[in-house]
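Results of the structural survey
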Amino acid sequence: MADLYDPDYGTAYYRSRDPVKNIRIRVNLERVTSASMVPQAATDQGGLQDFGALDFGGKKDGEIYVFEWQEKVFSEREVILYTDEANCPGVLERKYNKEVKNLRSKRPTKRLFTYTDHDTFTAQEQMIPKMTTSVSDEQSALAKKVTTVRKRKNFGRGRDSDKAPIPKTNLIDSDPSEEKKLKTHIVNRPVKTMYIMADVSPEDAVATEDDEAILCTIQVDNSGVVSVSPDFNRGRKAYRVETQSLGKDAFEYTVDHVSRTMNRQEQNREIKMFRELYTRHTDFLQSVVGNEFEMPPPDVLRVLVYGEILSAKNFEYDDLYIHYFCDLPRNWYAAGTEQLSGVTHTCTTKIEGRDNIAFFSFPFYFELFYKNDTVNPLNRDLMPTWPTFYMEVLSIDNWQRYRTEGYAYQQVPSSPGRSFHKINCWRPVGNSVIPELRRFFIGGSPELEDPTYASTPTGHNDTLMSKYGFKTESTGEVTIRMHSIQQSRANVDKSLSKKKVGSLIDRLGGQATQNSIMGVIDAFKKAREKMMATRESLQYLKELKLDDEDKDIDEQENAMNDARDSTLLIGTVGAGENA
């Protein structure tokens, strides 16, 4: 509880979206007299002192003032100083001279005043940073260097980006001048500072700079971060300032945040304004960037590989360079203008610990496409094979002797993201000592006619491959880093449907076969439905035919019965007539 009640002399940081000009800070300064510092004993009616009832009240004189951001309030010393025009050689001093003359009434405060960002006091405080609050604290050499640097010019952006100087030679300046250091070095973000001060000089003495004390420091940077040192009191005990004079007067003050709060109507208006601003900014970004991104064709996987050859270490000879290329297996292809091979620069090794390391930091980039049109489900090519990144490490010396230092390969990662690879290298050796002598004296060494032999050769179609009898020797190590990005319509469909339907390459790799199988199944279903419909129609016709036949038989029987009855009737009638 004591920590919550004691004053906080540290710096507090706040972030606000409101303009800093709306900030209001109230400072209440009170001079604590000696009478209030020494407890007084109360006297009873008999003249005896009652030490049980002590009075700490004392006499206080104080003042309260609400400061705005960068509000200039003059002290008594500044009023005397700027009244004389001889002390106003600069533009800012002449401005203060006019403001002091226009002060028709007395100053709004007696002891409180401010130093704004334009005052010399602010500049001096920024130029002389101190690590502690001790009077004997001296400025370090690093602090002196930091105060003299300036912000770097930002070339490459804006309207004058085409006019930015791009040096073609002498990229490295081993001995820069002091002027160049001032032009190219970087400093911290620019901030605006305001000091709330107090004149703690005795009442009967003339105010001097030594009698000025800093009560509160407010700094605001471009990102909207406000730092207040010391922090607002917020109900805690008041801060204390003691003078250095013989009287050793003490002052207590509080710092409170009294900015006006917005009502509901103003908040709604501000929210509406921010929404309109963000909407316009979003529309502007969409007009600049666009929302229709280039998509690969259907059933095609697009793979972007951004890589970097970082280093090579522990090779036999110095002055290394690397020849690299990307081999595309079946169903993979690249654009016609895409370069799938390259050569790095020559790099000299340096000793780090027990290793001889050559740092290349050489970037490379590939854009590849995958589409499987195979229909035969028994073909093993339905299982996709990812592209392979091959590397051949070589060396060259001052006598222009070339040597092969090692071969290595690394498969392109099948999953997107960043990957880090340390690849061990090897090189072929001859069957006798002659190739090694040639390698040492005149350069040259056994090389692979097909660099893809380091892995599985391109034209190899068998299930097994034997390298028995092939002599090699382990050499150094190459370190590379790859960033892989995958793009396909299947990803979009998956994100929209939110269904787990297998991996991406499974959907794309067997897309043609799956489409073919689904087509056969659909055709079979249609044929089956047609056959069932035909069978039902035949059954109906058969039943209809049977009904017709039965109807004909009944009609014939009825006709025969009618004929027989007619014959009998005719016979009976004839017999009667004869009778």
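These lines cover the structure that appears in this document, whether it is placed above or below. Just so you know, these numbers come straight off a predicted model, no measurement behind them. (Residues numbered from 1 in each chain as written. Predicted model: local features only at pLDDT ≥ 70, side-chain atom pairs only at ≥ 80, totals over all residues. Heavy atoms only, no water.)

1. Some details on the overall build of the chain
Within the chain, the regular secondary structure consists of 12 helices and 21 strands. Per-residue burial for the chain yields a buried fraction of 31% across its 579 residues. Pairs at least 24 apart in sequence give 70% of the contacts found in the chain among residues at least 6 apart. Taken as a whole, the chain presents about 40,400 Å² of accessible surface, with 53% of it coming from carbon and sulfur. (Helix = DSSP H or I, 4+ residues; strand = E, 2+ residues; numbered from the N terminus. Buried < 20%, exposed > 50% of the residue type's maximum accessible area, 1.4 Å probe, protein only. Contact = heavy atoms within 4.5 Å. Areas by Shrake-Rupley, 256 points an atom, 1.4 Å probe, with all protein chains shown as cover.)

2. With respect to the packing of aromatic side chains
Counted under the stated rule, the structure contains 24 aromatic pairs. Ring geometry for Phe 113 and Tyr 115: centres 5.5 Å apart, planes at 90 degrees, overall edge-to-face. Relative accessible area serves as the criterion here: at 1%, Phe 113 is assigned to the buried category. With centroids separated by 5.8 Å and ring planes inclined at 45 degrees, the aromatic side chains of Tyr 324 and Phe 364 adopt a geometry described as tilted. One end of the pair, Tyr 324, is in strand S13 (residues 320–327); the other, Phe 364, is in strand S17 (residues 355–370), and 40 residues separate them in sequence. Phe 364 carries the same exposure label as Tyr 324, and that label is buried. Sitting over the ring of Tyr 317, Arg 403 keeps its end group 4.0 Å from the ring centre. Above the face of the Tyr 453 ring, Lys 467 is positioned so that its terminal group lies 4.6 Å from the ring centre. (Phe/Tyr/Trp six-rings, centres within 6.5 Å; stacked < 30°, edge-to-face > 60°. Lys NZ or Arg CZ within 6 Å of the ring centre and 35° of its normal.)

3. Some points on the pairing of strand S6 (residues 112–115)
Consecutive side chains of a regular strand alternate in pointing toward one face of the sheet and then the other. Burial of the side chains of S6 extends over both faces: Leu 112 and Thr 114 are buried on one face and Phe 113 and Tyr 115 on the other. Where S6 and strand S7 (residues 191–199) come together, 4 bridges link them in antiparallel fashion. Bridged to Phe 113 within S7 is Met 197. (Pairing = 2+ DSSP bridges.)

4. Section: the environment of Val 241
Locating Val 241 in the fold gives a position in strand S10 (residues 239–242). Apart from residues no more than four positions distant in its own chain, Val 241 is found in contact with Val 200, Ala 213, Leu 215, Asp 249, Ala 250, Phe 251 and Tyr 253.

5. Overview of helix H8 (residues 264–289)
Between its first and last C-alpha atoms H8 spans 37 Å; for 26 residues at 1.5 Å apiece the expected length is 38 Å, and the two agree. Just past H8, the residue Gly 290 takes up positive phi, approximately 90 degrees. (Expected span 1.5 Å × (residues − 1).)

6. Observations regarding the packing of helix H3 (residues 76–83) against helix H4 (residues 91–101)
At a closest axis distance of 9 Å, the pairing of H3 and H4 adopts a crossing angle of 110 degrees. Of the possible angle classes, the one that applies to H3 and H4 is roughly perpendicular. Across the interface between the two elements, Val 79, Tyr 82 and Thr 83 of H3 pack against Glu 93, Tyr 96, Asn 97, Val 100 and Lys 101 of H4. Classifying every residue of the contact of H3 with H4 gives 4 nonpolar, 2 polar and 2 charged. (Axes fitted to C-alpha atoms, helices over the stretch in contact; angles between N-to-C directions. Parallel < 35°, antiparallel > 145°, perpendicular 65-115°, else oblique. Nonpolar A, V, L, I, M, F, W, Y, C, P; charged D, E, K, R; others polar.)

7. Things to note about the environment of Thr 282
You can see Thr 282 is positioned in helix H8. Looking at Thr 282, the relative accessible area reads 38%, which means it is partly exposed. Within the structure, the side chain of Thr 282 is placed 2.8 Å from the backbone oxygen of Tyr 278, a separation counted as a polar contact. (Polar contact = N/O pair within 3.5 Å; in protein donor to acceptor, adjacent residues only side chain to side chain.)

8. Here's the deal with the pattern of salt bridges
Once the charged atoms of two side chains with opposite charge are near each other, the side chains can pair. Scanning the model with the defined rule gives 22 salt bridges in all. The shortest N-O distance in the salt bridge between Asp 119 and Lys 72 comes to 3.1 Å. Placement of Asp 119 in the loop between S6 and helix H5 (120–127) and of Lys 72 in the loop between strand S5 (60–68) and H3 is noted, with a sequence separation of 47 residues between them. The exposure class assigned to Asp 119 is buried, which follows from its relative accessible area of 5%. (Salt bridge = Lys/Arg side-chain N within 4 Å of Asp/Glu carboxyl O.)

9. Focus: the sheet that holds strand S1 (residues 12–15)
If you trace the 5 strands from one edge of the open sheet to the other, you get S1-S9-S8-S7-S6, paired in antiparallel fashion. Whereas interior strands pair on both sides, the edge strands pair on one side only; in this sheet they are S1 and S6. Looking at each pair of strands side by side, their axes are set apart by 20 degrees on average, direction ignored. Bridge analysis of strand S8 (residues 212–221) against strand S9 (residues 225–229) gives 4 bridges, and the strand direction is antiparallel. Considered in S9, the bridge of Ile 218 is made with Val 228.

10. Here's the deal with unusual backbone geometry
Following Ser 229, the chain continues to Pro 230 via a peptide bond in cis, the omega torsion being -5 degrees. Its identity is not glycine, yet Asp 299 carries a phi of approximately 60 degrees, on the positive side. As for its placement among the helices and strands, Asp 299 is situated in the loop between H8 and strand S12 (301–313). The phi dihedral of Ser 361 falls on the positive side, at around 50 degrees, and the residue is not glycine. Residue position: Ser 361 is located in strand S17.

11. Topic: the side chain of Glu 308
By the element assignment, Glu 308 lies in strand S12. A polar contact is formed between the side chain of Glu 308 and the side chain of Arg 481, at a distance of 2.7 Å. Look past the residues within four positions of Glu 308 in its chain and what remains in contact with it is Ser 361, Phe 362, Pro 363, Phe 364, Thr 479, Ile 480 and Arg 481.

12. Considerations on the side chain of Thr 109
In this structure, Thr 109 sits in the loop between H4 and S6. Take Thr 109: its relative accessible area is 5%, and that puts it in the buried class. Engagement of the side chain of Thr 109 in a polar contact is seen with the backbone oxygen of Leu 112, the distance being 2.3 Å. Not counting the four nearest positions on each side in its chain, Thr 109 is found in contact with Glu 63, Tyr 65 and Val 73.

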